Amino acid sequence: MVARNSHLEKLKGTYLFSQIDSYKKKLLDKDPSIQLISLGTGDTSEPITPHITQAMVTECQRLGTLEGYRGYGPDFGLPQLRKKISDVHYKGLVDPEDIYVSDGAGCDIARWQMLFGAQHTLAVQDPSYPAYVDNGVIMGQTGTFDADKKIYKKIVPLAMRPDNNFFCDLSTIEKTDIIALCSPNNPTGTTLNREQFQQLVDFAKSNQSIILYDAVYTPFIRDKSIPQSIYEIPGAKEVAIECHSFSKSAGFTGVRLGWSVVPKELKYDDGTPVYPDWQRISTTSFNGASLISQAGGLAALDEKGLQETKAQVDHYLMNAKILRDTLSGLGFTIYGGENAPYLWLHFPKADYPGLTSWDIFEDILNRSHVVTIPGSGFGPAGENFIRLSAFGHRQKILDAAKRLKNWAETSPLNLQATASK
Ligand code: PLP
């Protein structure tokens, strides 16, 4: 028999979702007629738009002809797609040659970890999308477990809370080799402003760290003062890799298409550039993104495609507004949901004494039949928060808002909170 990779035992992510499933199962076992509404998943709900669908159908049909058939595509993506990404997303700020088309940001995040190996220290926002930590843990980038901070020693949490404006005081942070960053953030739905980005770039420069910036939710930014890319910040090309995706803006979560930017200016401590290693890892770990997805990606970035995808993102943002308005009208404190598809609902300790985010998740589930995600599942600083996702059909969101209103007005948890005010 083969021994299990011992690092896999240290993972917590699957535990979160299986725990949520076990709560759902318990409820449905009691009453199978219950119609749950999920505001838990970060998956898109709206169909791929007609123009983009047609481009993929056409490419598919072309591949089914003798003249149009092609096998493997170019290693780093179709040149016309790399150019289009450079023009549309970066307004020419990034060289198309520095753009590496991939099968999605999730896959690139795992490859980042292959790039840097297990010996590095990693600073990561707490709470955060689990992949940055999980891939590191699988690689063995752990050190010993720090029971107080509930985290592995080689992983340094950057706590993001309302009292630090969901940023962190960089003067108190220890140097790490890698800094993983996501804005607009999953799960908090909050964004970093230009000044905060600049501080991070300066911090990375002075510590000789590399920033791994996850930009998958930037299409949700409507506030023009918020950067759409880390490369808008002077000096960022020397310290940052950025990943992006068509998943959330074009509904490609199942189609699979994304990219990473690895600028030529980014160097290791011995002065050698990072990009040749990225090329090597890309060509070793996969053989290029699907030609059908890339045809869809090209269509998503032309004039019609951009119009259609903007309308789709606007739909999710309107969902977020509906949830936000409902809950803030009920007196809750909510973060995010304005430039992001996630809302971060706060249940402050002072108002909800002794209650964890799991208790609140369970009460919402049992009383309103709405599935959310307990904030602590994204990291210790997520305790006392609940994440709501705004992905969904409009009617489902309206129904969920009604149920949450009813929950807020009748739950003993909230009566207790109101009484304590
Ligand atoms: N990064 C973040 C922050 C995400 O929330 C997700 C998916 O939910 C991904 C990356 C994965 O994106 P993709 O579908 O391109 O793999």
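Residues numbered from 1 in each chain as written. Predicted model: local features only at pLDDT ≥ 70, side-chain atom pairs only at ≥ 80, totals over all residues. Heavy atoms only, no water.

On to the domain arrangement of the protein. Structurally, the protein comprises domain 1 (6-47 + 306-413) and domain 2 (50-303). Domain 1 and domain 2 are separated by 26 Å when their C-alpha centres are compared. Every contact between the two is made by 37 residues of domain 1 and, on the other side, 46 residues of domain 2. In total, domain 1 and domain 2 occlude about 3300 Å² of area from one another, counting both sides; carbon and sulfur atoms represent 62% of this. (Domains from an automatic or database assignment. Contact = heavy atoms within 4.5 Å. Buried area = accessible area lost by both parts, 1.4 Å probe.)

Bringing the site of the ligand into the picture now. Neighbouring residues of the ligand: 15 residues in total, closest Asp214, Tyr217, Ser245, Ser247 and Arg256. Here a nitrogen atom of the ligand sits 2.6 Å away from a polar atom, N or O, in the side chain of Asp214. For the ligand, an oxygen atom lies 2.7 Å from a polar atom in the side chain of Lys248. For the ligand, the protein covers 91% of the area, taking 400 Å² as the surface of the free molecule. Taken together, the elements giving at least two residues each to the shell around the ligand come down to helix H4 (105-116) and helix H7 (247-250). Taken together, the residues of the shell around the ligand sort by class into seven nonpolar, five polar and three charged. (Near = heavy atom within 4 Å. Polar contact = N/O pair within 3.5 Å; in protein donor to acceptor, adjacent residues only side chain to side chain. Areas by Shrake-Rupley, 256 points an atom, 1.4 Å probe, with all protein chains shown as cover. Helix = DSSP H or I, 4+ residues; strand = E, 2+ residues; numbered from the N terminus. Nonpolar A, V, L, I, M, F, W, Y, C, P; charged D, E, K, R; others polar.)

What the rule picks out here adds up to 21 salt bridges. Here Asp177 ties to Lys175 by a salt bridge, and the two come within 3.7 Å at their closest N and O atoms. Judged by its relative accessible area of 44%, Lys175 is partly exposed. Here Lys405 and Glu409 are joined by a salt bridge, their closest N and O atoms 3.1 Å apart. A residue pair is termed a helical-turn pair when its members lie 3 or 4 positions apart in one helix, as Lys405 and Glu409 do in helix H12 (residues 394-410) at four residues. By relative accessible area, Glu409 is classed as partly exposed at 45%. (Salt bridge = Lys/Arg side-chain N within 4 Å of Asp/Glu carboxyl O. Buried < 20%, exposed > 50% of the residue type's maximum accessible area, 1.4 Å probe, protein only.)

Where helix H2 (residues 50-63) contacts helix H10 (residues 303-329), the axes come no closer than 8 Å and their chain directions differ by 130°. Classified by the interaxial angle, the pair formed by H2 and H10 is oblique. Contacts between H2 and H10 involve Pro50, His51 and Ile52 on the former and, on the latter, Lys304, Gly305, Glu308 and Thr309. (Axes fitted to C-alpha atoms, helices over the stretch in contact; angles between N-to-C directions. Parallel < 35°, antiparallel > 145°, perpendicular 65-115°, else oblique.)

Before going further, it helps to examine the sheet that holds strand S11 (residues 333-336). Spatially, the four strands line up as an open sheet ordered S11-S12-S15-S14, and their pairing is antiparallel. Of all the strands in the sheet, just S11 and strand S14 (373-374) have a single pairing partner and so form its edges. When strand S12 (residues 342-346) meets strand S15 (residues 385-389), the two strands line up antiparallel, connected through five bridges. Residue pairing in the sheet places His346 in a bridge with Phe385 of S15. Sitting on the sheet, H10 is in contact with S11, S12 and S15, with an inclination near 160° to S11. (Pairing = 2+ DSSP bridges.)

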